[in-house]
Amino acid sequence: MQLSDFNYMLPKERIARYPTERRDQSRLLRLVRSTGQISHHRFSDLPDLLTSQDLIVLNNTKVMPARLIGRCLRGICDQSRITKTLARRIEVLLVKPLENNVWVLLVKPGRKVRVGDRLQFGKGQLEALVLEREEKGLRIVRFEYQGDFDSIVDQLGHVPLPPYIHRRDERQDRTRYQTIYASKRGSIAAPTAGLHFTPGVFDHLREKAVACCEVTLHVGLGTFRPVVNNPIEDHRMEAESFEITTEAAQMISKARSTGQRIVSVGTTVTRVLESAWRETEQDPQLRGETDLFISPGFSFGCIGALLTNFHLPGSTLLMLVCAFAGRDLVFQAYHQAIGENYRFYSYGDCMLIE
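Rules of the game
- Here the residue numbers are simple positions, counted from 1 along each chain's written sequence.
- In keeping with the predicted nature of the model, local features appear solely for residues at pLDDT of at least 70, side-chain atom pairs appear and are counted solely at 80 or more, and the whole-chain, interface and lining totals rest on all residues.
- Side-chain numbers come from the whole structure's heavy atoms, not from hydrogens or water.
- Within this scheme, the nonpolar core is defined by two criteria: the residues are buried Ala, Val, Leu, Ile, Met, Phe, Trp, Tyr or Cys, and they are joined through side-chain atoms within 4.5 Å.
- Exposure categories follow from relative accessible area, calculated using a 1.4 Å probe and restricted to protein chains: below 20% of the type maximum is buried, above 50% is exposed, and the middle band is partly exposed.
- Counting from the N terminus, the helices are the DSSP runs of H or I reaching at least four residues and the strands are the DSSP runs of E reaching at least two.
- Contacts were defined at the residue level, with two residues in contact if any of their heavy atoms lie within 4.5 Å.
- Strand pairing follows a simple DSSP-based rule, namely that at least 2 bridges must link the two strands.
- Here, axes are lines fitted to C-alpha atoms. For helices the fit covers the stretch in contact, and angles between N-to-C directions go from 0 to 180 degrees.
- Aromatic pairing here means that ring centres of Phe, Tyr or Trp (its six-membered ring) are within 6.5 Å. Orientation follows from the plane angle: under 30 degrees is stacked, over 60 is edge-to-face, and everything else is tilted.
- Look at NZ for Lys and CZ for Arg. If either is within 6 Å of the ring centre and within 35 degrees of the ring normal, a charge sits over the ring.
- Buriedness of a pocket was judged along seven lines, with at least five required to meet protein on both sides within 12 Å; pockets are open sets of points on a 1 Å grid over the protein atoms alone, cavities are sets where a 1.4 Å probe fits but cannot get out, and lining residues have an atom within 4 Å of a point.
- Grid points are joined across faces, edges and corners, and a volume is the space filled by probe spheres set on the points.
- Residues were grouped as follows: Ala, Val, Leu, Ile, Met, Phe, Trp, Tyr, Cys and Pro as nonpolar; Asp, Glu, Lys and Arg as charged; and all remaining residues, including Gly, as polar.
- What the arc covers is the set of directions going from the helix axis to the C-beta atoms.

S.K.: Lay out the nonpolar core in plain terms, naming residues and giving numbers.
M.R.: Within the largest apolar cluster, 68 residues are counted, with the highest numbers of intra-cluster contacts made by Ile-252, Leu-273 and Phe-344. Top element by residues in this core is helix α8 (residues 316-325). It accounts for eight residues. Setting aside chain neighbours within four positions, we find Ile-252 in contact with Leu-55, Val-57, Cys-213, Val-215, Ile-262, Leu-273, Trp-277 and Cys-302. Formed by 30 residues, the second largest nonpolar core is a distinct cluster that contains Leu-105, Ala-128, Val-130 and Val-141.

S.K.: Hey, could you go over the sheet that holds strand β2 (residues 38-42) for me, with residue numbers and the actual values?
M.R.: Read from one edge to the other, the open sheet built from nine strands follows the order β2-β1-β17-β16-β14-β3-β12-β13-β15, with strand pairing classed as mixed. Each end of this open sheet is capped by a strand with a single partner; those strands are β2 and β15 (287-290). Geometrically, the sheet is characterised by an average inter-axis angle of 25° between neighbouring strands, direction not taken into account. Across the sheet, helix α6 (residues 246-258) is in contact with β3 (54-59), β12 (211-217) and β14 (261-265); its angle to β12 comes to roughly 120°. Its contacts with the sheet place helix α7 (residues 267-276) against β3, β12, β13 (240-243), β14, β15 and β16 (305-309), and it is angled at close to 85° to β12.

S.K.: Which residues make up the packing of aromatic side chains, and what values do they have?
M.R.: Applying the stated criterion across every chain, the model contains 19 aromatic pairs. Measuring from ring centre to ring centre gives 4.9 Å for Phe-298 and Phe-300, while their planes differ by 80°; the resulting arrangement is edge-to-face. Its relative accessible area of 14% is what places Phe-298 among the buried residues. Residue Phe-300 is classed as partly exposed on the basis of its relative accessible area, which comes to 21%. Between Tyr-334 and Phe-344, the ring centres sit 5.8 Å apart and the planes meet at 80°, which makes this aromatic pair edge-to-face. Within this pair, whereas Tyr-334 is found in helix α9 (residues 327-339), its partner Phe-344 is found in the loop between α9 and β17 (350-353), the two being separated by ten residues in sequence. Phe-344 gets classed as buried once you look at its relative accessible area, which sits at 0%. Among the aromatic residues, those joined into a ring-pair cluster are Tyr-8, Tyr-164, Phe-310, Phe-331, Tyr-334, Tyr-342, Phe-344 and Tyr-345. Arg-27 extends its terminal NZ or CZ atom over the ring of Tyr-342, reaching a point 4.1 Å from the ring centre.

S.K.: Lay out the layout of surface pockets with the relevant residues and their values.
M.R.: As a volume, the largest pocket reaches approximately 1200 Å³. Residue lining of the largest pocket: 48 residues in total, with Pro-160, Leu-161, Pro-162, Pro-163 and Phe-224 positioned closest to the centre. Breaking the lining of the largest pocket down by element, the ones donating at least two residues are β6 (82-97), β7 (102-108), α5 (221-224), α7, β16 and α8. Here the residues of the lining of the largest pocket sort into 26 nonpolar, 14 polar and eight charged. If you trace the second largest pocket, you find 23 residues lining it, with Val-95, Lys-96, Pro-97, Ala-239 and Ser-241 closest to the centre. Of all the elements in the fold, those that place two or more residues in the lining of the second largest pocket are β6, β7, β10 (138-145), β11 (184-187), α5 and β13. Take the lining of the second largest pocket: its biggest share by element is three residues, from β6.

S.K.: Kindly report on empty space enclosed by the protein, identifying the contributing residues and their values.
M.R.: As enumerated under the stated definition, the model contains two cavities of 30 Å³ or more in all. The volume enclosed by the largest cavity comes to roughly 80 Å³. Taken together, Pro-19, Thr-20, Arg-23, Ser-26, Arg-176, Leu-195, His-196, Asn-309, Ser-346, Tyr-347 and Gly-348 make up the lining of the largest cavity. Looking at the lining of the largest cavity residue by residue, the class counts come to three nonpolar, six polar and two charged.

S.K.: Could you give an account of unusual backbone geometry, with specific residues and numbers?
M.R.: A negative phi angle characterises most non-glycine residues, just as the trans form characterises most peptide bonds. Here the residue pair Lys-108 and Pro-109 is connected by a cis peptide bond, since its omega of -5° sits within 30 degrees of zero. The topology assignment puts Pro-109 in the loop between β7 and β8 (118-121). Note the cis peptide between Asn-230 and Pro-231, where omega equals 0°. For Pro-231, the position within the fold is in the loop between α5 and β13. Even without being glycine, Asn-100 reaches a positive phi, approximately 50°. Looking at the secondary structure, you find Asn-100 in the loop between β6 and β7. If you check the backbone angles, Tyr-345 has positive phi at about 75° while not being a glycine. Turning to its location among the elements, Tyr-345 is positioned in the loop between α9 and β17. We classify Tyr-345 as buried; its relative accessible area is 7%.

S.K.: How would you summarise helix α2 (residues 149-156) if you had to cite specific residues and measurements?
M.R.: Considered for burial, the residues of α2 that qualify are Phe-149, Ile-152, Val-153 and Leu-156. The buried side chains of α2 occupy one side of the element, clustering within an arc of 100° when seen end-on.

What follows is the structure, encoded as structure tokens:
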């Protein structure tokens, strides 16, 4: 398929720049694959759309304040002697840790940062030496600091809101761009399908005897790198790390063997489950990395329903949704959502595909 097959026109005013006042008052479009039926609900209605034969799987990753603004320092030499230091404003995104305080960063503007430069954040509480230069604006650095790294990042960092939101992060984003069940720190973006859950929704799910479990996938660049290849099947995802507890794996394996429907909360959970159980029926891979790219023609072996937000044109996330429900049906739902004034993207509304 061609990249143009996944384009659609979205009015700018349909892009949600802020979350709804209450998480569970987001709108929910229900799409039934077998009939093409579309109905409209609030997220608080979700428990009434499910049954005790469903197992909800959530991604408990936690978003880091991974956007850091600082200075790039470079010594200017004159006959092997540093005569002055050139400082440039720099913005970085913490992508993933390697080892011994060594991290992969996405740097902006990347062309200005060379091997041997020093990056400084805050008033020197955090510094980094650039060790290697990689493609696509990536750098490998070694951080230097006194104290606890996470605490310093929490103090200096900004919530890495997606660029299409077109505003600076604000105080409320520290909590609202985070699921209420986030517990495993490591993502540079929220698993947005989970942003709508509230304690009240979970209480209602328990009353309906709908079971839940959690897996972890740390959202990285792989989820958001644009597709540039035609045909799209030539696209290669960057790997993202995941982990499944033994308890969660047992619940999921039991659901698969007994015919219980697995409801995947988001594209990240879908990629974890379809990766972990791809080679086996009962003994999944409990931890590792996945570079699985799901596009139309993919054969799903694990999930039976998908809860997901509305995604950007041409994105790997939209392609995954089209693989699950069929491109034509998904685009019908998207066009109806636009006509019904749904809110799109990370802080927007969602859809339940059955």
